[in-house]
Amino acid sequence: MNMIRHSSLLWHYTYGAVFTALCAFVGLIGLVAYQLETGMARQESELQQLSQSRLQEKLTADVKLAGTRLEFLFQDRVRRLNSIAERMDTAKAVGSRNVVAMSELLGPAAELADVDGIVVLDEEARVIGASSYKADLVQLGSKIQDFSFYPGIVQSLKQSFPGEKRTISRILPSSDTQVFVENDKVNAVSQVIFVPVFDDFGYVIGGLMAQRWLRKEEKLLAALAEINAFELAVIYDERIISRANFTGNESDISSPSSSPGITLNGRRIVKCGVPVLPLTICALMPIEALTATQNELIRIGSEEEAKLLRWLFLFGLLTLVAFATVAFLLARRVTRPLTNITRVLSGIAEGDFENKVVGTERSDEVGDIARSVVSLQRSVKERDALRVRVNEKNLILKSQEARLREQNILFDAALSNMSHGLCMFDATGKLIVSNERYAELFELEPDSIRPGMTAAELAALQIAERLEPDVPGSLGMSSTQPRAFSETQSTEMVRIRSGRIVLTTRQPLSDGGWVAISEDITERQEARDRLAYLARHDILTQLPNRIEFRDQKQALLKRQQVEGGEFAILCLDLDEFKTINDSLGHPIGDELLRQVAARLKTLVSDREIVVRLGGDEFAILTGLPSGEQETAELAQTIIWELSRPFQIADHEIVIGVSIGIALATGDGTAGDELFKQADLALYRAKEDGRNTYRFFEADMGTAVKDRRELITDLRNAVGNGELELYFQPQYCLKSDTISGFEALVRWNHPGRGLVSPADFIPLAEDTGLINPLGEWVLQEACRIAADWPQHLRVAVNLSPRQLRGHAFGPVLIEALMKSGLRADRLELEVTEGVLLTDSDDVLNALHQAKSLGVKVSMDDFGTGYSSLSYLRRFPFNKIKIDQSFVRSMAYSDDSISIVKAIIGLARDLDMSTTAEGVETEELLNMLVDIGCSEAQGYYLGRPMPVADVRELIRSVDREMSTAAQ
């Protein structure tokens, strides 16, 4: 009853406060509604004036947004082209100067970058390629310097470096840019972009120049106009060059001075701006949008009025709730302590003793009740805590018992299923426990091992051969026996009766006992032995390698210091192996090396060692002692044996071998020096005709030094201006006139005088200097020939190294562009040996040269391996008949038949022929009779310097003028 009375009093207080707040809220709502109604009437009169200004502001924002979208498009294309320039394959294509590779790579890249064409420039801002095969590189290269942005490209190439890349992006009219690559997107304005390209070392190797025409309808602007519901027109030079959602013309955009925001026909609202130079962007909306905007502003005002009233109503409601809450809290001053005491008693019944009892400090009846409840709560809590502690101890005991039982089961399972054998001994050396795997490893009966056995009894059961005693002096003692040093770990490795190898590790325990763990390491040991073998032997031939050769050589030198005597090092190099490997394939070459190794092993005794040094190089280390005569007989036997034919697959292969020999006489010469001497002797054997042997002599080092000096001088020959071109005339036999000249390089050495090409051309081939040398010859020959009469050609010989990879195309284009020589006046001569090496790369380079209009001829025809197959694979313009056939025509009918056959073959294939080595009038007349096209030789003219060539051309011109008169 008291609770009910307190509750009734509580709600009386609450109702009074709510009624007072409600009266105040109704008065406030009425006042605010009156003020809003008068304010809205005044605002409606001003909306019509603001609507047109609001619409103009929207169109102005649309113009800025369209300009921002265009700027984004232009910057995005710069980023895309920049990412293409940073790709590894782009740098390789630009560095290679291969026009075809650059077109195949940049064609798809141009589509991904959303550009209409990409042109590739080298580090000197010269045109070297394009994304389209249709691009006229020569014409574009001659006109690019006239473009307004060309100085900026040159500056970018000079000043760019990694981390500071200078790119170019400009919006230019077509009159300033022209069309880089022909396409159907040409417009009045285009974006021109240039991005430099770096190689792996951070050097500028060229750049990408892209062009992208502004579309008649840009998709991004069309989407913007569609989303924002307006019309868009891009204007340049008072013409609409691009549009979006707009179908009118220039007159539909103009507006009178009296109404600058309304078009002449009064149908649209227009706003124009120049956010992107030199483009003017106009945004338009139908005039109906003005009325729609006015209605929208009126609607917004009405909605704001309703929204304000709703917020005011909500605020009043919240205020009313606040008044009611305050009244309610004041009324609960009496009822709250009793409610808390009731909740605490309910918690005690449910086992909750943590609730705090309020009101214990009061001196009235509520305080007495609160203090009694606290005493009851404390006593019940202590009783339940005691019951919980008893239950927890019982649970702990049960858990420990279950865990101990589980550990015993797991221990038994681990012992039975582990892959290692295990024995545990106590401090007295008696067996505590062992598993079945231990008995299996040592091939013992399981019943023979019992707990309580001593380590000695267990060792007596094992029959094993110890391979590695664990500690010195422990031989004959099993790992299961106790040790004097029981605190240290030890291991031993034994071989049991079946041949398996078992490793046992003995680990001491803290109580004085130990654990012996055994494992089968047979496969691991065999793998380690195999790796040790492979580290010192050649995989292909199974012969010892350089490491074993060096160790055996050092061992022989140490023995020689004690025992005296001599031994020899023989270095062997197979003759013609590379030709066989290239022509028949690497599998045939590998099998040939295996058979050579097998023959060499049958030729040496047990005292001698045969090793493979690498490639087709072998070495033999003789025993100690071995004299010079004995070594010479061994070398000759090797030459005879390896000269016998090898039968591999369906091929009968014949090779030779060159051998260099160095004798170790015990004079203190180091092992590396002995090997170097043998290598020098091998080089001399090759120089003396191959398939022979030579002993080391003191003067051999001088020849090598001379060759090294000649190579050094050759590196600087081009830069020092020591090279000179001579030209040998070629005559047309039908008209008896000069048809052209063959360019031949000569070296005027400042100290050696005139060096023969037979001496320095092979050196250039071996060292790779043939590439800069050949490039200089090509450029110089084109430059000189450009001044000759237009009917004269110049022929240039090419090396295999020049045609490898993809670098020859740019070199050829640059030579033609710099010299101005017409492409059909240049003739490239390649030998059959060039075609035999890297034939795919060579043919690709030759096809590229022929596509430019350059003529290609096969030199020294008939002396190679596969002339006819290459005549079928590549359409040569000319065949040059080797001089060995031409010279022998004077005394050999067979040679005449061969030359006739070559001329007939060339005629059927629509090719011309040139005969080399014409040294007599008789040979010249024979060639005329059998229908040869051209000839050259000492009878017709020797190689001559440039001045003599000019004089010869002038004399021929004078003779022709005299004859004409």
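Everything here concerns the structure above.
For clarity, every value in this text was computed on a predicted model and none was experimentally measured.

Engineer: Explain the overall build of the protein here, please?
Structural biologist: Check the secondary structure of the protein and you find 29 helices and 31 strands. Among the 965 residues that make up the protein, the fraction classed as buried is 44%. Contacts spanning at least 24 positions in sequence make up 62% of the contacts within the protein whose residues lie at least 6 apart. Accessible area of the protein: about 51,500 Å², with a carbon and sulfur share of 54%.

Engineer: Could you clarify how one ought to interpret the sheet that holds strand β2 (residues 127-130) in this entry?
Structural biologist: Spatially, the 5 strands line up as an open sheet ordered β2-β1-β5-β4-β3, and their pairing is antiparallel. At either end of the open sheet lies a strand with only one pairing partner, and these are β2 and β3 (168-173). Strand-to-strand, the axes of this sheet are offset by a mean angle of 25 degrees, without reference to chain direction. Sheet topology places β3 next to strand β4 (residues 189-198); 6 bridges connect them, and they run antiparallel. Counted as the bridge partner of Ile168 is Phe194 from β4. The sheet contacts of helix α2 (residues 88-96) involve β1 (117-122), β2, β4 and β5 (204-213), and relative to β5 the element is tilted by about 105 degrees.

Engineer: What is the right way to look at the nonpolar core in this model?
Structural biologist: The tendency in soluble globular proteins is for nonpolar side chains to be buried as a group. With 81 residues, the main nonpolar core has Phe727, Leu778, Trp788, Val794, Leu826 and Leu927 as its most contacted residues. The leading source of residues in this core is helix α20 (residues 770-785), at 9 residues. Excluding residues that lie within four positions of it along the chain, Trp788 makes contacts with Phe727, Phe741, Arg793, Val794, Arg825, Val949 and Ile953. Listed in part, the 31 residues of the second largest apolar core include Ile580, Ile588, Leu600 and Ile648.

Engineer: In this structure, what is going on with the state of the cysteines? I would like to understand it.
Structural biologist: Two cysteines whose sulfur atoms are joined by a covalent bond form what is called a disulfide. Enumeration over the complete set of coordinates arrives at 1 disulfide. Take Cys932: it sits in no disulfide, and the sulfur closest to it among the cysteines is that of Cys732, at 10.0 Å.

Engineer: Help me out: how do you make sense of the pairing of strand β21 (residues 656-664) in this one?
Structural biologist: Remember that side chains alternate between the two faces of the sheet whenever the strand is regular. Here β21 lies mainly inside the structure; 8 of its 9 residues are buried. Bridge count between β21 and strand β22 (residues 693-695): 3 bridges; the pairing is parallel. Directly across from Gly660, in β22, lies its bridge partner Arg694.

Engineer: Would you take a moment to explain the sheet that holds strand β9 (residues 279-286) for this structure?
Structural biologist: By way of backbone hydrogen bonds, the strands of a sheet pair with one another, either parallel or antiparallel. Here 4 strands make up an open sheet; going across it, the order is β7-β6-β9-β8 and the pairing antiparallel. Where the open sheet ends on each side, the last strands, each with one partner, are β7 (239-244) and β8 (268-276). Strand-to-strand twist of the sheet, defined as the mean angle between neighbouring strand axes without regard to direction, takes the value 25 degrees. Two strands pair when backbone bridges link them, and strand β6 (residues 231-236) and β7 are joined in this way by 5 bridges, in the antiparallel orientation.

Engineer: What is the right way to read the side chain of Gln802 from this model?
Structural biologist: The topology assignment puts Gln802 in helix α21 (residues 800-803). The class for Gln802 is buried, based on a relative accessible area of 9%. Among the polar contacts listed, one links the side chain of Gln802 to the backbone nitrogen of Ser799, at a separation of 3.0 Å. Beyond its immediate chain neighbours, meaning those up to four positions away, Gln802 contacts Ile770, Asn771, Gly774, Glu775, Asn797 and Phe808.

Engineer: Can you help me understand helix α13 (residues 546-563) in this one?
Structural biologist: In this model, α13 (18 residues) spans 25 Å end to end at C-alpha, consistent with the 26 Å of a helix rising 1.5 Å per residue. Taken together, the buried positions of α13 are Glu548, Phe549, Lys553, Leu556, Leu557 and Gln560. Tucked into the core, α13 has its buried residues touching β16 (567-575), β17 (609-614), β18 (617-621), β21 and α17 (671-687). At the N-terminal boundary of α13, the capping side chain belongs to Asn545, with an oxygen 3.2 Å from the backbone nitrogen of Ile547. Following α13 by one or two positions, Gly564 has its phi on the positive side, about 80 degrees.

Engineer: Mind showing me how you'd approach the pattern of salt bridges here?
Structural biologist: Close approach of charged atoms allows side chains of opposite charge to pair. Applying the stated criterion to the full structure yields 37 salt bridges. Between Arg268 and Glu231 there is a salt bridge; the shortest N-O distance is 2.6 Å. On the criterion of sequence distance, the pair formed by Arg268 in strand β8 and Glu231 in strand β6 is long-range, its members being 37 residues apart. Each of the two residues, Arg268 as well as Glu231, counts as buried. Arg536 serves as the salt-bridge partner of Asp551, at 2.0 Å between the closest nitrogen and oxygen. Placement of Asp551 in helix α13 and of Arg536 in the loop between α12 (522-535) and α13 is noted, with a sequence separation of 15 residues between them. Of the residues examined, Asp551 reaches a relative accessible area of 30% and is grouped as partly exposed. One salt-bridge network, held together by shared partners, links Arg77, Asp114, Arg212 and Glu218.

Engineer: Could you clarify how one ought to interpret helix α19 (residues 757-767) in this entry?
Structural biologist: Every buried residue of α19 is listed here: Phe760, Leu763 and Ala764. Taken down its axis, α19 places every buried residue within 100 degrees of arc, on the same side. Structural note: α19 exposes Ala758 and Asp766 on the side pointing more than 90 degrees away from its buried face. Positive phi shows up at Gly768, right after α19, with a value of about 85 degrees.

Engineer: Just to check I follow, could you spell out the packing of helix α15 (residues 586-603) against helix α16 (residues 628-643) for this structure?
Structural biologist: Any two packed helices are characterised by how steeply their axes cross, that is the angle between the axes, and by the distance between the axes. Look at α15 against α16: their axes get within 10 Å of each other, and the N-to-C directions meet at 145 degrees. The two elements α15 and α16 meet at a crossing, and its hand is right-handed. Here Val596, Arg599, Leu600 and Leu603 of α15 lie close against α16, whose contacting residues are Leu634, Thr637, Ile638, Glu641 and Leu642. Here the contact of α15 with α16 is composed, by residue class, of 6 nonpolar, 1 polar and 2 charged.

Engineer: Explain a nonpolar patch on the surface to me, please; I cannot follow it from the model alone.
Structural biologist: A contiguous nonpolar surface patch, about 610 Å² in accessible area, is contributed by Trp311, Phe313, Leu314, Leu317, Leu318 and Val321. Within the secondary structure, Leu318 is located in helix α8 (residues 288-350). Of the residues examined, Leu318 reaches a relative accessible area of 53% and is grouped as exposed.

Engineer: What's the story with the packing of aromatic side chains in this structure? I'm lost.
Structural biologist: The geometry of two aromatic rings is summed up by the distance between their centres and the angle between their planes. Taken as a whole, this structure holds 10 aromatic pairs when the rule is applied. Residues Phe425 and Trp514 carry aromatic rings whose centres are separated by 4.9 Å and whose planes lie at 20 degrees to one another, so their mutual orientation is stacked. Of this pair, Phe425 sits in strand β10 (residues 421-425) while Trp514 sits in strand β15 (residues 514-520), and the two are 89 residues apart along the sequence. A single burial state applies to Phe425 and to Trp514, both of which are buried. Put simply, the rings of Phe147, Phe149 and Phe180 touch in pairs and so form one group of aromatic residues. The aromatic ring of Phe646 is capped on one face by Arg599, whose charged end is 3.6 Å from the ring centroid. Across the ring face of Tyr726, the terminal group of Arg746 is positioned such that the distance to the ring centre comes to 5.6 Å.

Engineer: Sorry, what's going on with empty space enclosed by the protein here?
Structural biologist: To locate leftover empty space, one rolls a probe as large as a water molecule over the atoms. Taken as a whole and judged by the stated rule, the model has 1 cavity of 30 Å³ or more. Computed from the structure, the largest cavity encloses a volume of approximately 50 Å³. Along the walls of the largest cavity sit Phe74, Arg77, Ile171, Val189, Ser190, Gln191, Arg212, Trp213, Leu214 and Leu279, which together make up its complete lining. Elements supplying a minimum of two residues to the lining of the largest cavity: α1 (2-85), β4 and β5. Looking at which element gives the most residues to the lining of the largest cavity, the answer is β4, with 3 residues. Looking at the lining of the largest cavity, its residues break down into 6 nonpolar, 2 polar and 2 charged.

Engineer: Even after reading the chapter, I still don't get the environment of Val115, so can you show me in this structure?
Structural biologist: Structurally, Val115 can be placed in the loop between α3 (99-112) and β1. Separated by 37 residues in the primary sequence, Val115 and Val78 have C-alpha atoms spaced 9.9 Å apart.

Engineer: What am I meant to see in unusual backbone geometry here?
Structural biologist: Leaving glycine out, the prevailing phi sign among residues is negative, and the prevailing peptide bond configuration is trans. The omega angle of the peptide bond from Leu277 to Pro278 is 0 degrees, so this bond is cis rather than trans. Looking at the secondary structure, you find Pro278 in the loop between β8 and β9. Cis peptide bonds are those with omega within 30 degrees of zero, and the linkage from Leu624 to Pro625 qualifies with 5 degrees. Positionally, Pro625 belongs in the loop between β18 and α16. In the Ramachandran plot, Asp114 falls in the positive-phi region, its phi being about 60 degrees despite a non-glycine side chain. As for its placement among the helices and strands, Asp114 is situated in the loop between α3 and β1. Accessibility expressed as a relative area gives 27% for Asp114, which makes it partly exposed.

What counts and how
- Residues numbered from 1 in each chain as written.
- Predicted model: local features only at pLDDT ≥ 70, side-chain atom pairs only at ≥ 80, totals over all residues.
- Heavy atoms only, no water.
- Helix = DSSP H or I, 4+ residues; strand = E, 2+ residues; numbered from the N terminus.
- Buried < 20%, exposed > 50% of the residue type's maximum accessible area, 1.4 Å probe, protein only.
- Contact = heavy atoms within 4.5 Å.
- Areas by Shrake-Rupley, 256 points an atom, 1.4 Å probe, with all protein chains shown as cover.
- Pairing = 2+ DSSP bridges.
- Axes fitted to C-alpha atoms, helices over the stretch in contact; angles between N-to-C directions.
- Core = buried A, V, L, I, M, F, W, Y, C linked by side-chain atoms within 4.5 Å.
- Disulfide = S-S within 2.5 Å.
- Polar contact = N/O pair within 3.5 Å; in protein donor to acceptor, adjacent residues only side chain to side chain.
- Expected span 1.5 Å × (residues − 1).
- Salt bridge = Lys/Arg side-chain N within 4 Å of Asp/Glu carboxyl O.
- Arc of directions from axis to C-beta.
- Left-handed = near helix turned anticlockwise from the far one by under 90°.
- Nonpolar A, V, L, I, M, F, W, Y, C, P; charged D, E, K, R; others polar.
- Patch = residues over 30% accessible without salt bridge, like charges linked within 9 Å, V, L, I, M, F, W, Y side chains within 5 Å.
- Phe/Tyr/Trp six-rings, centres within 6.5 Å; stacked < 30°, edge-to-face > 60°.
- Lys NZ or Arg CZ within 6 Å of the ring centre and 35° of its normal.
- 1 Å grid on protein atoms, 1.4 Å probe; cavity = no way out; pocket = protein on both sides within 12 Å on 5 of 7 lines; lining within 4 Å.
- Points joined across faces, edges and corners; volume = space filled by probe spheres on them.

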